[in-house]
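Structural overview for review
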Amino acid sequence: MWFNQQDQRCLFGDQRHESIIVTDRSHRDDGTRAIHIHPDIRFDFRNMPFPDESFYHVVFDPPHLVRAGRRSWMAAKYGKLGDDWRNDLAKGFAECFRVLRLHGTLNFKWNEVQIPVSEILACTDQQPLYGYRSGRLNKTHWITFMKGQS
């Protein structure tokens, strides 16, 4: 989503660091796709290694799949949620707001192909400011929050 992944204003975090080849018959003549996940820092979104109020802006783009094949390129590229996804996402939202400065913004991205966005927003008590739907079927939501007084 970043225009320039080397931009020093950005810090890309993921719990994975890998390059893998996965099956994707729609991509190349040989039916494979290379996926490269090389974050600036490895961490779990449920427990970020940053002090409180570290950032003015946070982007939270967690995995949105709960059902995907073992060798699915979507799961390989974007990850997959576990059975306790509600608790995991609640912890993720809490961490995002913890590391966000007062009046800082959180941009949250969600594709509701498997879980409706209403169920995801129930994982936080914070109220969004606004949102935007995109994608071929309007299932990708971009939702913006602003951290208020605690």
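Placed above this text is the structure.
These figures come from a predicted structure and were not determined experimentally.

1. Regarding the side chain of Thr-140
- Here Thr-140 is to be found in strand E8 (residues 140-146).
- Within the local environment of Thr-140, its side chain forms a polar contact with the side chain of Asn-111, the two groups lying 2.9 Å apart.
- Once residues within four sequence positions are removed from consideration, Thr-140 is found in contact with Lys-109, Trp-110, Asn-111, Tyr-132, Arg-133 and Ser-134.

2. What about the sheet that holds strand E7 (residues 130-134)?
- Judged by pairing direction, the sheet is mixed, and its four strands sit side by side in the order E5-E6-E8-E7 without closing on themselves. Of all the strands in the sheet, just strand E5 (55-60) and E7 have a single pairing partner and so form its edges. Geometrically, the sheet is characterised by an average inter-axis angle of 15 degrees between neighbouring strands, direction not taken into account.
- In this sheet, E8 lies alongside E7 in antiparallel orientation, the contact comprising five bridges. Directly across from Ser-134, in E8, lies its bridge partner Thr-140.

3. Let's talk about the pattern of salt bridges
- Counting across every chain of the model gives nine salt bridges.
- Arg-9 serves as the salt-bridge partner of Asp-7, at 2.6 Å between the closest nitrogen and oxygen.
- Using a relative accessible area of 19% as the deciding quantity, one classes Asp-7 as buried.
- With a relative accessible area of 75%, Arg-9 lands in the exposed category.
- With a shortest N-O distance of 2.4 Å, Arg-46 and Asp-44 are connected by a salt bridge.
- Its relative accessible area of 33% is what places Arg-46 among the partly exposed residues.
- In this structure Asp-44 comes out as partly exposed when scored by relative accessible area, which is 21%.
- Bridged by salt links that share partners, the residues Asp-44, Arg-46 and Asp-88 form one connected network.

Procedures and definitions
Residues numbered from 1 in each chain as written. Predicted model: local features only at pLDDT ≥ 70, side-chain atom pairs only at ≥ 80, totals over all residues. Heavy atoms only, no water. Helix = DSSP H or I, 4+ residues; strand = E, 2+ residues; numbered from the N terminus. Polar contact = N/O pair within 3.5 Å; in protein donor to acceptor, adjacent residues only side chain to side chain. Contact = heavy atoms within 4.5 Å. Pairing = 2+ DSSP bridges. Axes fitted to C-alpha atoms, helices over the stretch in contact; angles between N-to-C directions. Salt bridge = Lys/Arg side-chain N within 4 Å of Asp/Glu carboxyl O. Buried < 20%, exposed > 50% of the residue type's maximum accessible area, 1.4 Å probe, protein only.

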